[in-house]
Amino acid sequence: MEGLLKAIWVWGLLLGLSSGAVAQARQEVAKEDTVKSRAIALWGHVKDGFTYAALHGTFVTLMCEDSTVVDTMHVQCLDPGTPQEDTYYRFNVPPRRARYIIKAEHPDYYPEYVDCTVRYVARNSYVDARHHEMRRRQRSSFADRSLGEVVVKATKIRVAYRGDTVVYNADAFNLSEGAMLNELVRQLPGAELKPNGEIYVNGRKVDYLTLNGTDFFKGDNRKMIDNLPAFTVQQVKVYDKTTDRSEFLGYDTEKKAYVMDVSLKREYNTGCMANVAAGGGTDSRYAGRAFGLRYSDRSRVTLFGGMNNTNARYGRPGENGEWPEESLTNGEFVTRQAGGEFFWQNKARGIEDKLTANAEWSDQFVNQKSATEAYLPQGNRYTRSSSLQDVDYMGVNANNWLTWKTKDHLLTVHSYVGYDRTDTHGYARDAAFDADPSAVGGIDEVLDSAFLLPSSESARMRWLNRSSTRSLFEEWKYNVGHDMMWDAKLPWGDNLRLRFTGSLSRMENDRFEHYLLDYASSESEADRRNRYDRGRRRNYYYRPSAEYTFNFPNDWHFLTYYIYKQDYRSDSSPRYRLDSLAGWEVGRFGIWANCLPHANCP
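Residues numbered from 1 in each chain as written. Predicted model: local features only at pLDDT ≥ 70, side-chain atom pairs only at ≥ 80, totals over all residues. Heavy atoms only, no water.

S.K.: Quick question: what am I supposed to make of unusual backbone geometry here?
M.R.: If a residue is not glycine, its phi is most likely negative; likewise, a peptide bond is most likely trans. Although it is not a glycine, Asn202 adopts a positive phi angle of roughly 55°. Structurally, Asn202 is set in the loop between strand 13 (199-201) and strand 14 (204-205). Its identity is not glycine, yet Arg349 carries a phi of approximately 60°, on the positive side. Assignment of secondary structure puts Arg349 in the loop between strand 22 (332-345) and strand 23 (351-374). (Helix = DSSP H or I, 4+ residues; strand = E, 2+ residues; numbered from the N terminus.)

S.K.: I keep staring at a negative patch on the surface and nothing clicks. Help me out?
M.R.: On the surface, a cluster of negative charge is contributed by Asp79, Asp244, Glu247 and Glu254. For Asp79, the location among the structural elements is in the loop between strand 4 (76-78) and strand 5 (86-93). Taking relative accessible area as the criterion, Asp79 reaches 32% and is therefore assigned partly exposed. (Patch = residues over 30% accessible without salt bridge, like charges linked within 9 Å, V, L, I, M, F, W, Y side chains within 5 Å. Areas by Shrake-Rupley, 256 points an atom, 1.4 Å probe, with all protein chains shown as cover. Salt bridge = Lys/Arg side-chain N within 4 Å of Asp/Glu carboxyl O. Lys, Arg positive; Asp, Glu negative; His and termini not counted. Charge placed at Lys NZ, Arg CZ, Asp CG, Glu CD. Buried < 20%, exposed > 50% of the residue type's maximum accessible area, 1.4 Å probe, protein only.)

S.K.: Would you mind going over the sheet that holds strand 3 (residues 69-74) with me for this structure?
M.R.: In a beta sheet, neighbouring strands are held together by backbone hydrogen bonds and run either parallel or antiparallel to one another. As summarised here, the arrangement of the four strands in space is 3-2-6-7, forming an open sheet in which the pairing is antiparallel. In this open sheet, the two edge strands, each paired with only one partner strand, are strand 3 and strand 7 (109-118). Taking each pair of neighbouring strands and ignoring which way they run, the sheet shows an average axis angle of 20°. As judged from the six bridges shared by strand 2 (residues 59-64) and strand 6 (residues 98-106), these two strands associate in the antiparallel manner. Paired with Thr61 across the bridge in strand 6 is Lys103. (Pairing = 2+ DSSP bridges. Axes fitted to C-alpha atoms, helices over the stretch in contact; angles between N-to-C directions.)

S.K.: Looking at this structure, how should I read the nonpolar core?
M.R.: Soluble, globular proteins show a tendency: their nonpolar side chains are buried together. In terms of nonpolar packing, the biggest core is built from 33 residues, with Leu181, Leu184, Ile199, Val201, Leu228 and Met260 touching the most fellow members. Among the elements that make up this core, the one with the highest residue count is strand 18 (residues 257-264) (four residues). Ignoring anything within four residues of it in the chain, the contact list for Leu228 reads Met180, Leu181, Leu211, Val233, Val262, Leu264 and Met273. The next biggest cluster of nonpolar side chains, apart from the first, holds 21 residues, and it includes Leu42, Val93, Tyr100 and Val118. (Core = buried A, V, L, I, M, F, W, Y, C linked by side-chain atoms within 4.5 Å. Contact = heavy atoms within 4.5 Å.)

Put into structure tokens, the structure is as follows:
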């Protein structure tokens, strides 16, 4: 019996061990099947080692560490016909540690080998290989090529579609000699140019313009369309542009921008250009502007300036001669501006910096007069009014954008500073009469008489009430800001983003006002007020934040973030009555108090 129990115990032990071994074997087989069913993408890019342009027709071979061929393919093209055109390859490889050799071949270039090591898999859905920067062969090494007789017939096509990109051929349009880019844009099929510089293509607004794929006074289209000669343009492309961050991460995290890119002809990719326009007219009217540009494939320096007294904030009217509403001002408006832009990027286009600066001075003088007559049962009421306003403005601002991009890191820094100052002088008068004062003269003469003579001493008119306001307003403000963003691709496939945003601003203004309301009747006391308003504002805020994105297969992304923000704002706007201060009237406003507004007074 004891022997039988021992045999049963041994048999059970062997059965458990065998079951465990079978289960473990099944788990290993299932794990191997999962590994075999999953694959990660091995991406790579091929470009000219000197110009960094895309290389079509390149043949790519993927090999193991021992040079065993794994797969082959020809490169594919992304965003053809745009400045972001890219030739790339993609192989699917097992998700395990391995070392590969990638060979790129092109008939006009020397073969280029790149080593790629897959170190971490985890949640990585792809691996980026180092770019193939291929060196062109010497011309003597090219094989002899003989071409037979051919007949070429050229046809200029105005519009072509390359995927989602609309391409316009600038040479296919008939333009006048000396035409600028704005005339070309007006002729593009489906395009509409607004007087303020906004561009619509097929009813969709273009977010901004680019020059050879890089920003050019982003947000101010008129700088380019009014100053770039049309004969230098080869193509105009309209497409949805992926943001730098989305391109860096490999998937869309931000909305694409609808841009219009202007590509220059090859002979104008490096050089200088300038244009000057000036004109004069009656009543001492004038307008002038100047623009200069020095550019190359990787740098650009732009200077511009302009001035006019034609009440126009923009340089020229729209297509049909209309001026935008925001460019037309009341009174006489004189403006002057100057500015520039500096752009530079390194050869690999991994570092770029753009600096813009602008300064503007303007002077607006407004003189408004009115004469009214109200028909009342007890007798008509006549009113005369006049107002003067002189506004002087000065503003300067500067912006700098710095971008640094590598395979695994993207740093973007934006800094800005601005300063504005406004001085406003104002003088307004009005008076009401019970008889028509036209016999005294014009509006100025009537008001002069009303304010110099008491109502009882006027033989030709009788005023009922009169009021006047003299004012001086001074304001200045400044603001500085900084926005820094750093994105990183982590080795295990996730993304990390750190960001710091902050700004500081301050504003101060002072307003002095002398107000008078006087009645002809001795029973009503005159209302005199000398007021002083003072405004002060200070504001700052800063906001650090951190984002961590978990990337899963099948384009699933889980975002976690933390944001801290502190905002401070201090406002002060006290109001004072200066009636009790003797001598205030002949102080800051003495020159206004002792002269008539129509007699060469400021």
